[in-house]
Amino acid sequence: MRTRTAQLLCLIAVLAAGCGQGRSGGDGGDDGGGSAGKGDAGRRARQVAAAWDGSDAAEAWRRGFYPMADLVQLPDHAFRSAADKEAYQLQNFALRGQLPTTAAQKGTVKWGDGRALTLPVMDAREAFGTLDRYSGEGPELVVTGARLGRTELATSRGPATVPAWLFTIRGYDTPLKRVALAPSEAPKSPIGPAAEVPSDVLWPLEQVKETAQDGRSVTVLAGHGDCDDGPAVDVLETGGSVVLSGSIRNPSEGDCPAVLKITKVTVTLARPLGDRVLLDAFTGRPVPYGTEFGRNPSWD
């Protein structure tokens, strides 16, 4: 039986697995008809690791381009004012200059070990459109130009240099960088979700927010309610994967407002993440990477 906290959160959560979507799948999956218990959480993590390690999905993951950090990198010393910060959060940008109309059709992701991957490059106007999504009144960040350059980005295969549009922002000495490549489509998971609905002891994670430069920690966004002690994230490491199990600490069984709170949780790893797949125990899928402006549509 789910606790009241999980019942309330399930009504409002918009998560990778969704609430009440589908049943368990894959070898060794938990019974999809109920929620995982405390003793099941560790077993579920081992099942997810076993399903992914050595699988075709894991091999496809290691061949692809999967960012593990924001695709937008702010100028140095951002933000210079509260109005600029508000404009960025609103996604309110104004173009007061010319954007390049031509660019290379292909760009290369380069990893430190010599591996590379060639992908289509979005044009400057398409990249600008991913930034400017607000049509209402309010403060705005003024873009006066752009050029195609490169930046470093944390990915599922470690740090990489990637093509990026460097937008000149009025009032800033350094550009705002927007990665010029679309992420690869996520592979189909070899195992289904743990259950039809989350529980306090096994809850889906929202997204990856940041990966440490040395790969020894990852920061994820985890959901919880208004009447608990916040989220907890346990980790199971294998040679091919890192499985994170989200849960809610000390949830209330009484009446509680239906509020979904999102909290950053940093998980320390025994060794660098490297190209191991970072997995969510509940969904059985890679933890979605996050951006300031939401999740890559290929995850959904």
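So, how was this worked out
Residues numbered from 1 in each chain as written. Predicted model: local features only at pLDDT ≥ 70, side-chain atom pairs only at ≥ 80, totals over all residues. Heavy atoms only, no water. pLDDT = per-residue confidence, 0-100. Contact = heavy atoms within 4.5 Å. Core = buried A, V, L, I, M, F, W, Y, C linked by side-chain atoms within 4.5 Å. Buried < 20%, exposed > 50% of the residue type's maximum accessible area, 1.4 Å probe, protein only. Helix = DSSP H or I, 4+ residues; strand = E, 2+ residues; numbered from the N terminus. Pairing = 2+ DSSP bridges. 1 Å grid on protein atoms, 1.4 Å probe; cavity = no way out; pocket = protein on both sides within 12 Å on 5 of 7 lines; lining within 4 Å. Points joined across faces, edges and corners; volume = space filled by probe spheres on them. Nonpolar A, V, L, I, M, F, W, Y, C, P; charged D, E, K, R; others polar. Arc of directions from axis to C-beta. Axes fitted to C-alpha atoms, helices over the stretch in contact; angles between N-to-C directions.

1. Some remarks on the confidence of the model for the protein
In this model, the protein carries an average pLDDT of 83, and 83% of its residues clear a pLDDT of 70 or more. pLDDT under 50 marks residues 1-5. Its contacts with residues more than four places away, or in other chains, come to 16 contacts. A low-confidence stretch, residues 11-37 (pLDDT under 50), is modelled with 71 contacts involving residues beyond four sequence positions or located in other chains.

2. Details of the nonpolar core
Phe65, Phe93, Val109, Trp165 and Phe167 are the most contacted members of the largest nonpolar core, which has 33 residues in total. Of all the elements, strand 6 (residues 158-169) adds the most residues to this core, at 5 residues. Core analysis: the next-biggest nonpolar cluster, separate from the first, contains 18 residues, Val48, Ala58, Trp61 and Val243 among them.

3. So, the pairing of strand 5 (residues 141-155)
Of the pairings in the sheet, the one linking strand 2 (residues 93-95) to strand 5 comprises 3 bridges and is parallel in character. Paired with Ala94 across the two strands is Val142, which belongs to strand 5. Alignment of strand 5 against strand 6, held across 12 bridges, turns out to be antiparallel. Across the sheet, residue Gly149 finds its bridge partner in strand 6, namely Ala164. Where strand 5 hands over to strand 6, the hairpin turn is made up of 2 residues, counted between the paired strands.

4. Digging into empty space enclosed by the protein
The tally for this structure, following the rule as stated, stands at 1 cavity of 30 Å³ or more. The space that makes up the largest cavity amounts to roughly 30 Å³. Of the residues assigned to the lining of the largest cavity, the class counts are 7 nonpolar, no polar and no charged.

5. Re helix 3 (residues 56-63)
Within the span of helix 3, buried status applies to Ala57, Ala58, Trp61 and Arg62. Projected onto a plane normal to the axis of helix 3, the buried residues spread over an arc of 135 degrees and lie on a single side. Residues of helix 3 that are exposed and point more than 90 degrees away from the buried face comprise Asp56 and Arg63.

6. Remarks on the pairing of strand 11 (residues 241-248)
Along strand 11, 8 of the 8 residues are buried, which leaves the element largely enclosed by surrounding structure. Neither face of strand 11 is exposed, since Ser241, Val243, Ser245 and Ser247 on one face and Val242, Leu244, Gly246 and Ile248 on the opposite face are all buried. Of the strand pairs in this sheet, strand 10 (residues 231-237) and strand 11 are connected by 7 bridges, and their pairing is antiparallel. Bridged to Leu236 within strand 11 is Val243. Hairpin connection between strand 10 and strand 11: a loop of 3 residues separates the two successive antiparallel strands. Relative to strand 13 (residues 277-280), strand 11 is paired through 4 bridges, and the arrangement is parallel. Across the sheet, the residue bridging to Val243 is Leu279, located in strand 13.

7. Here we look at the sheet that holds strand 11
Taken in spatial order, the 3 strands line up as 10-11-13 in an open sheet, and their pairing is mixed. Looking along the sheet, the strands with just one partner apiece sit at the ends: strand 10 and strand 13. Here the average twist between neighbouring strands, direction ignored, is 25 degrees.

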